[in-house]
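Chains, contacts and geometry: an overview
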Amino acid sequence: MNRSLEIKLKKLNRYYMNILIIFTGVVILSLGWDLYNESEHHKNSALEHAKNSFAKDMMFRNWVASHGGVYVPPTKRTPPNPYLAHIKERDLVTTTGKKLTLMNPAYTLKQLMDEYEGMYGAKGHITSLKLLNLKNKSSDWETKALKLFEGGQAKEFHEFLSKDGKAYIYYMKALVVRESCLKCHMQQGYEVGDIRGGVSVTIPMKKYNNDLYHEAYNIIAVYLLFYIAVIVGLFYTYKNLKTSLIEQNRLEEENHRKDEIMLTQSRHAAMGEMIGMIAHQWRQPITVIAMGANNMLVDIELEEVNEESIKEQAESILKQTEYLSKTIDDFRNFFRPSKKKEEVKLEEVMAEAEVIIDKSLENNKITLTIKDNNGYKVKTYSRELLQVFINLLKNAKESLIEHREKDRHIDVMISDDVDNVITTICDNGGGIDEAIIERIFDPYFSTKDEKTGTGLGLYMSKTIIEKHLHGMIEVSNTKEGACFKITIPLVEGG
Ligand SMILES: Nc1ncnc2c1ncn2[C@@H]1O[C@H](COP(=O)(O)OP(=O)(O)OP(=O)(O)O)[C@@H](O)[C@H]1O
Ligand SMILES: [Mg+2]
């Protein structure tokens, strides 16, 4: 696996991990919130139930109080109330001799609560801190609530508590002394508006909790299904993205390999120019060497060999071979692979290209003019740029040879704007047919026969300029011929 793919996959993994963490977090928070709301809803329902039960008790109590109590026949179940002994009319006998005894609100309510407990699923209890009936003594919890009422901190109070492993809601509301209460409670020293005590309601939470668990199961199941569906979806998109990344990387590598092959092929074309140049450079020294050897042979033949003349010839041969080897070194330098970017002036690279191509231009009577008014250096792969310049000069040369008899010339201009160095290479070879101008940068596109053209020169030049040097190459036709414009950014990667 190559480094760029590794980085991309790492990024993808990190991206999906973040989505997973955020999504899981959101789901957990939302689930927690829903469960909390549901539990609050059930608690509120239980409280509502307790309040209703209290209201029902109060309704009844007030009804009794509004009549100043009610008379019922005294029985074992309802004996005369000893706490009402101070009321003169507690016990009455009707004109027909029927006995009646007074039931005050507390007495009626207590009987009701004792005998019909459970009918509303709620257990009520009327109590006070100052009791008339000691049997109505308050529990610890009720005492706590009554103290809150007396202290004026609350008028009603509720709590959810557990007793013997069972959950209950405890609710209590204060009873405020009214005019109608004084009939029975005046002797306790109460005044209207005082807190007389309270009625508590206790409801088991079992039914509410069962409902809550049922609801919670449903909510959790829906969340779980949703979560699993999204995770499966995420997993699939992750897998697809990963596969396409790997595939994309494979294609990129393949393209890169293809480009490398083409670069080598096109470099061979430029090397053709170089070999032509070497051949030309070598012609003269080889002639001189041959002549030297020939002179020595003649001297031997004429028996005119002397040390002086041999030394002279040998020195001349040595000088020429040195020159030959220097030429080789020079050209090897032109085509050394450039792996690192270096700071160069484009005119220097153009001058190197000129040296290579100059002889073949001269042979074909082509004048090359190079003008420059650029002072900047650019950081670039100078050997690749050299290859581009040779490709363009070679194309111009070939066009001139084919289309123009005389006054053949190539004009090179190197200048700069604020951000770029611009090189134009124009010829007067008649230009490029508009019908094919769009295709000249395509790989293997050539109008030349197989021997002279592979069709890779411009494709490779474009690849080098745009992909390696991050510049731009454009073509246009002038009145006289073709014009290529190369723009290279001054700032690296610009
Ligand atoms: N200066 C020019 N004037 C006219 N036509 C040109 C010029 N430069 C390029 N062309 C056209 O563009 C085509 C493609 O050029 P390219 O350099 O890519 O390939 P080639 O010169 O045919 O072969 P090679 O790979 O050997 O360079 C050429 O065949 C030619 O028709
Ligand atoms: Mg070419």
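Residues numbered from 1 in each chain as written. Chains lettered and ligands numbered in written order. Predicted model: local features only at pLDDT ≥ 70, side-chain atom pairs only at ≥ 80, totals over all residues.

**A short note on helix 8 (residues 382-403)**
So the rule is basically this: Per the convention used, a helix needs a DSSP run of H or I reaching at least four residues, while a strand needs a run of E reaching at least two, with both numbered from the N terminus. By this rule the span expected of a helix is its residue count minus one, scaled by 1.5 Å. Each residue is classed by its C-beta neighbour count within 10 Å, where at least 20 other C-beta atoms makes it buried, 12 or fewer makes it exposed, and intermediate counts make it partly exposed; the C-beta atoms are placed from backbone geometry.
Spanning 22 residues, helix 8 covers 31 Å between terminal C-alpha atoms, matching the ideal 32 Å at 1.5 Å per step. Burial within helix 8 is extensive, with 17 of its 22 residues counted as buried.

**Digging into the pairing of strand 13 (residues 472-477)**
As a reminder of what qualifies: A pair of strands is treated as paired once DSSP finds two or more bridges between them.
With 6 bridges joining them, strand 13 and strand 14 (residues 482-489) adopt antiparallel strand pairing. Bridge pairing links Ile 473 to Ile 486 in strand 14. Here strand 13 folds back onto strand 14 in antiparallel fashion, the turn holding 4 residues.

**What to know about the sheet that holds strand 3 (residues 99-103)**
Cut-off, in case you're wondering: To get an axis, a line is fitted to the C-alpha atoms, and for a helix only the part in contact is used. The angle between two axes follows their N-to-C directions and goes from 0 to 180 degrees.
Sheet architecture is open: 3 strands sit in the order 1-3-2, paired in antiparallel fashion. Looking at the sheet topology across the chains shown, the edges are occupied by strand 1 (70-72) and strand 2 (91-93). Strand-to-strand twist in this sheet, taken as the mean axis angle between neighbours without regard to direction, amounts to 35 degrees.

**With respect to the environment of Lys 11**
Tracing the backbone through its elements, the reader meets Lys 11 in helix 1 (residues 3-66). Assessed through the 11 C-beta atoms surrounding it within 10 Å, Lys 11 is described here as exposed. Between the C-alpha atoms of Lys 11 and Tyr 168, which are 157 residues apart in sequence, the distance is 54 Å.

**What to know about the packing of helix 8 against helix 9 (residues 457-468)**
What counts here: Each crossing gets its hand from how the near helix is turned against the far one by less than a right angle, where anticlockwise is left-handed and clockwise is right-handed. Residues are treated as contacting if the C-beta atoms built from their backbones sit within 7 Å of each other.
It is at 9 Å that the axes of helix 8 and helix 9 come closest, and there the two elements cross at 145 degrees. The two elements helix 8 and helix 9 cross, and the hand of that crossing is left-handed. For the pair helix 8 and helix 9, contact is made by Glu 384, Gln 387, Val 388, Asn 391, Leu 392, Lys 394 and Asn 395 and by Gly 457, Leu 458, Ser 461, Ile 464, Ile 465 and His 468, respectively.

**A few points about the nonpolar core**
For clarity, the cut-off: As used throughout, a nonpolar core is a set of buried Ala, Val, Leu, Ile, Met, Phe, Trp, Tyr and Cys residues joined through C-beta atoms within 7 Å of each other.
Counting 39 residues, the largest nonpolar core has Ala 353, Phe 389, Leu 393 and Ile 425 as its most contacted members. Elements with a contribution of two residues or more to this core: helix 7 (346-363), strand 9 (366-372), helix 8, strand 11 (408-416), strand 12 (420-427), helix 9 and strand 14. For this core, the leading source of residues is helix 8, giving 9 residues. The contacts of Leu 393, once residues within four sequence positions are left out, are Ala 353, Ile 357, Ile 410 and Ile 425. Ranked by size, the runner-up nonpolar core spans 30 residues in total, among them Ala 65, Met 103, Leu 175 and Cys 184.

**A closer look at the domain arrangement of the chain**
Buried accessible area, meaning the area lost when the parts come together, often serves as the stated size of an interface. Just so we agree on the cut-off: Residue ranges for the domains trace back to a domain assignment, done automatically or taken from a database.
As assigned here, the chain comprises domain 1 (3-69 + 104-204) and domain 2 (274-489). The straight-line distance from the C-alpha centre of domain 1 to that of domain 2 is 99 Å.

**Some remarks on the site of ligand 1**
To keep it simple, the criterion reads: All residues are tested the same way: a C-beta atom is placed from the backbone, and lying within 6 Å of a molecule or strand makes the residue near it.
Taken together, 22 residues lie near ligand 1, and Asn 395, Ser 446, Gly 453, Gly 457 and Leu 458 sit nearest. Going through the elements one at a time, helix 5 (206-301), helix 8 and helix 9 are the ones with two or more residues in the shell around ligand 1. The greatest single-element share of the shell around ligand 1, amounting to 4 residues, is contributed by helix 8.

**Side note on unusual backbone geometry**
Despite not being glycine, Asp 164 shows a phi value in the positive range, around 50 degrees. Structurally, the position occupied by Asp 164 is in the loop between strand 5 (156-163) and strand 6 (166-176). We classify Asp 164 as exposed; it has 5 C-beta atoms within 10 Å. Residues other than glycine seldom take positive phi values, yet Tyr 444 does so here, at roughly 65 degrees.

**Comments concerning the sheet that holds strand 12**
Spatially, the 5 strands line up as an open sheet ordered 9-11-12-14-13, and their pairing is mixed. One side of each edge strand has no neighbouring strand; the edge strands of this open sheet are strand 9 and strand 13. On average, adjacent strands in this sheet sit at an angle of 15 degrees to one another, irrespective of strand direction. Bridge analysis of strand 9 against strand 11 gives 7 bridges, and the strand direction is parallel. Looking at strand 11, one finds that Thr 367 is bridged to His 409. Its contacts with the sheet place helix 7 against strand 9, strand 11 and strand 12, and it is angled at close to 170 degrees to strand 9.

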